[in-house]
Amino acid sequence: MPEIILRNITKRWNDFVAVKDLCLTIEDGAFVTLLGPSGCGKTTTLRMIAGLEAPTTGDILIDGVMVFSSEKGINISAAKRDVGFLFQNYALWPHMTVYQNIAFGLETLKWDKPAIKGRVQEMMETMKITQFVNRYPSELSGGQQQRVAIARTLAPKPKVLFMDEPLSNLDAKLRGEMRTELKRLHVDTGSTFVYVTHDQLEAMTLATRICLMNEGVIQQYDPPLTVYEQPVNVFVADFVGNPTMNIVSGRASKSANAKAELQIFGQRFEFSSASDFDLPSTDVSIGIRPEFLPISDSGRIRGLIYSTLPAGMETTVKIKIGDAILSSVMFGSVDYKVDSEIRFDIFGNKILLFDKESGRNLAFGSVRII
Amino acid sequence: MHYAPFAYILMGGVLRNMDANLEEAATILKADRLRIIWKVTLPIVLPSMISTVLLVFSSSMASFSVPNFIGSPGNFFVLSTMLKSLYTSSFSGQAFVMTLVLILFGIGFLLLNHLVVGKRKSFTTVTGKSGQVSYIRMGKINIFISVVLILFLVLFAIMPLVSFALESLCLVQGDYSKLTFRYWISHEEITDLSRSVGKGLLFNLRLWGALWGSVKLSVVVALIVGTSGFLIGYGVARKRGSKIADAVSNFAFFPYLIPTMAFGSIWLAVTSRIPLLRGTFLILVIVGAIKYLPFASRSGTSAMMQLSGEIEEAAVIVGAPWFTRMTRILFPIQKSSFISGYLLPFVSCMRELSLFVLLADKDSLVTMLLSFYDEANISQMSNGVNLLIIIVVLLVNFVVNKLTGASIDKGIGGN
């Protein structure tokens, strides 16, 4: 099974650099999501690996085979890379029935008739679309079309499956269902999946590794939980997680080995990490996930309720403290009166310390009021 | 009348592609119907409307056949008929000057069109994603408009057919009291007003030869033009937005703006240098192909533009080679557009006179023969020939429609 290696990939359109000097290794059998805001170069990267777009410079290897090299002038066509591609709007051929759509790829591979028939039948059963065999794409709902598209893509048994925001055209409920099925499909087929999305939740829930990009540059390439808990910079911290992470400006000075004194919300705190860290400047940002701000009567920090957003299972509480508005999440449904005073704490050992100027993560640890 | 279908085809496509949401948004804002049409619909389609008007103007400017048949008896001369008469009276120097004038007009219109459309181009690319079509409720006016339109159609489209048929049966021109099939089925040479006219139409070898010549020419031209149009459309759509694509599509459109007569006379000048080509089938094919290319390339381009690149990429991924992708994916999806890219050149070529009038022998094409009968004032024969042309065109259209399920009017604007 294949491993995909990208070396120093750059893609330029005239003066615009879409992807800059990108190096990435996608392990065999991985489910990698390329995550980032729109225009960050994630789709371009995917299309370059699939062979639908040629990089300006760099090398791409799939399964040890050089499929693209700007130096050696190699560019193997998409057809010969043995990959599948699932398009955002499915790109089903409107003049063909479901059967014909799925069978088309097998016909071009010159499978014999009974084999095609068997494989199409098998795919339709897997995707639960057997009853639509003779329908045209326009006679199917979005979710059904999506299933046909998946069946069509998987039918020739590609070694690698590329997906470009395949769920973004579905409604929220269906999206949830399809996520579950895609994850199962990944296990069942054992193929390598590369998945583009701008939805951090999708990336978190599906991927074995997230590759987070911004402005054509990889920010972080790690398993989802690492990206969530130990973001390398403020951009990653802010992009991943919902509600978004609280990022508070403050001042810091080293107080001891692996310890610093913090000034935030007009109060003094002690930050302590597991290992020592550098503090390039006194200007810092502190990153606190909403779940690390528990509200309780015994809390040691005072704030005012700015607004409360109960969603049934959990409630997001917006707390005003000084100039800042913080998000806190608590389990269950609660409703606080606006402008009432509450108390909360900063909890846990995953509080992040960033350099304010570069946004780089300096350390993570716990915070204690002093 | 002659150009109305053309305008309909161009405008219909634009209107059909306009996003109904745009109008709906205005409805929500409590704008009334008239206001919507005036303030929203018109400005959006204005560029293409103006360009349609300009194009129709420039092509009627160059039109030869209509003024030739209708205008010459009443001494209503236009540039193009003048041109022909200058050629026939061998004032070729003056004729070429006239050609230049016609070309300048054409280029002028191209520039004007570019100025108007170019500035507001963003509007013309309103592509319809919204599939909902909301019909205007017109109530009783609806019936009124329908009746007027039907009358209009009967008066101007069906009536001539009937009159062609009747006229060709008249024993004496214009006298409907005595009808005869003489001009159709006579085995003998007909002598009319002491001139020999030839055998009856159905047995007239000269006519069948000319008809066959026209069909052959039209088929060859249509095949060349339709295929090139498809390929040009493909190329332009693939490189959409790039300078090359713009250049190609403008270049392919250029022959359209050279008035037909001028075009013929240019090629006459060319063939006078290369006597080998003179009056051959080949030169007619070349001229016809170039002349009708703009239309096919436009319809090809607009059809291709409607297909997202992903449709083709999906086939690339599964390893379908180029030819398979063209014949099994792209062509069938926009079948009606592409078929009309073949049919329209065929139809136009069948009826074309102005383009070939300077280049062909009078026996080689049916329209040439028609013009000859007309000049000789044998209206029974010329009307009969007219009817035959119309029947052939309708027949081919019908057969192609039946075989492919595509129709000419649906094709240009997309589905």
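Here, the structure is the one placed above.
Residues numbered from 1 in each chain as written. Chains lettered and ligands numbered in written order. Predicted model: local features only at pLDDT ≥ 70, side-chain atom pairs only at ≥ 80, totals over all residues. Heavy atoms only, no water.

Across the boundary between the two partners, chain B contributes 15 residues, which contact 23 residues of chain A. Taking both sides of the interface into account, the surface hidden between chain B and chain A amounts to around 1,700 Å²; carbon and sulfur atoms contribute 68%. For the chain B face of the interface with chain A, the top three residues by lost area are B:E310, B:I317 and B:V318, together amounting to 38%. Linking chain B to chain A there are two salt bridges. The closest approach of N and O atoms between B:E313 and A:R47, which form a salt bridge, is 2.6 Å. Here chain B and chain A share five residue pairs in polar contact (both at pLDDT 80 or more) between them. Of all the elements in the fold, those that place two or more residues in the side of chain B that touches chain A are α14 (309-317) and α15 (322-333) of chain B. Counting residues per element, the side of chain B that touches chain A draws most heavily on α14(B), at seven residues. (Contact = heavy atoms within 4.5 Å. Buried area = accessible area lost by both parts, 1.4 Å probe. Salt bridge = Lys/Arg side-chain N within 4 Å of Asp/Glu carboxyl O. Polar contact = N/O pair within 3.5 Å; in protein donor to acceptor, adjacent residues only side chain to side chain. Helix = DSSP H or I, 4+ residues; strand = E, 2+ residues; numbered from the N terminus.)

So, on to the sheet that holds strand β19 (residues 341-344) of chain A. Residues and elements named next belong to chain A. Taking strand neighbours across the sheet as the criterion, the four strands line up as β18-β17-β16-β19 in an open arrangement whose pairing is antiparallel. The open sheet terminates on both sides in strands that have one partner only, identified here as β18 (324-331) and β19. The average undirected angle you get between the axes of adjacent strands in this sheet is 50 degrees. (Pairing = 2+ DSSP bridges. Axes fitted to C-alpha atoms, helices over the stretch in contact; angles between N-to-C directions.)

Our next topic: the sheet that holds strand β21 (residues 361-369) of chain A. All names here are of chain A. An order of β12-β13-β14-β21-β20-β15 is seen for the six strands of this closed barrel, with the pairing classed as antiparallel. Each adjacent strand pair in this sheet contributes to an overall mean axis angle of 45 degrees, direction not counted. Note that strand β13 (residues 259-264) and strand β14 (residues 267-273) share six bridges and pair antiparallel. Paired with I264 across the bridge in β14 is Q267.

Our focus in this paragraph is the packing of aromatic side chains. Residue and element names in this part refer to chain A. Under the definition given, this model contains 10 aromatic pairs over all chains. Of the aromatic side chains, those joined through ring pairs into one cluster are F31, F193 and Y195. Its end group placed over the ring of Y221, R209 keeps NZ or CZ at 4.0 Å from the ring centre. One Lys or Arg, R289, reaches over the ring of Y228 and ends 3.9 Å from the middle of that ring. (Phe/Tyr/Trp six-rings, centres within 6.5 Å; stacked < 30°, edge-to-face > 60°. Lys NZ or Arg CZ within 6 Å of the ring centre and 35° of its normal.)

Turning our attention to the nonpolar core. Core analysis: the biggest nonpolar cluster contains 54 residues, and A:I4, A:I26, A:W93, A:F162 and B:I329 have the highest contact counts within it. The residues contacting A:F162, other than those within four sequence positions of it, are A:I4, A:L46, A:I49, A:A50, A:V83, A:G84, A:F85, A:L86 and A:V194. Membership of the second largest hydrophobic core comes to 32 residues, among which are A:I129, A:V148, A:L167 and A:L185. (Core = buried A, V, L, I, M, F, W, Y, C linked by side-chain atoms within 4.5 Å. Buried < 20%, exposed > 50% of the residue type's maximum accessible area, 1.4 Å probe, protein only.)

Our next topic: the state of the cysteines. Residue and element names in this part refer to chain A. Using the criterion set out here, one finds zero disulfides over all chains in the structure. Counting only cysteine sulfurs, C211 is the nearest neighbor of C40, a cysteine outside any disulfide, at a range of 8.7 Å. When its relative accessible area of 1% is taken as the criterion, C40 is described as buried. (Disulfide = S-S within 2.5 Å.)

Attention now goes to the pairing of strand β5 (residues 65-69) of chain A. Residues and elements named next belong to chain A. The element β5 is extensively covered by neighbouring structure, given that four of its five residues are classed as buried. Taking the residues that link successive antiparallel strands as the turn, the strand β4 (residues 57-62)-β5 hairpin has two residues, and the phi of D63 there is positive, at about 55 degrees. Of the pairings in the sheet, the one linking β5 to strand β6 (residues 74-75) comprises two bridges and is antiparallel in character. Counted as the bridge partner of S69 is I74 from β6. A loop of four residues connects β5 with β6, the two strands running antiparallel in sequence, and G73 in this loop sits at a positive phi of about 70 degrees.

Attention now moves to a nonpolar patch on the surface. Residues and elements named next belong to chain B. A grouping of F144, I145, V148 and L149 is seen on the molecular surface, where their side chains present a nonpolar patch of about 380 Å² in accessible area. By secondary structure assignment, the location of I145 is in helix α8 (residues 140-167). Overall, I145 belongs to the partly exposed group, its relative accessible area being 34%. (Patch = residues over 30% accessible without salt bridge, like charges linked within 9 Å, V, L, I, M, F, W, Y side chains within 5 Å. Areas by Shrake-Rupley, 256 points an atom, 1.4 Å probe, with all protein chains shown as cover.)

This part covers the packing of helix α2 (residues 98-108) of chain A against α15(B). Two numbers describe how α2(A) lies on α15(B): the axes approach to 13 Å, and their chain directions differ by 160 degrees. Comparing their axes, α15(B) and α2(A) come out roughly antiparallel. Where α2(A) crosses over α15(B), the handedness of that crossing is right-handed. Residue-level contacts link A:F104, A:E107 and A:T108 of α2(A) to B:T324, B:R328 and B:I329 of α15(B). Looking at the contact of α2(A) with α15(B) residue by residue, the classes come out as two nonpolar, two polar and two charged. (Parallel < 35°, antiparallel > 145°, perpendicular 65-115°, else oblique. Left-handed = near helix turned anticlockwise from the far one by under 90°. Nonpolar A, V, L, I, M, F, W, Y, C, P; charged D, E, K, R; others polar.)

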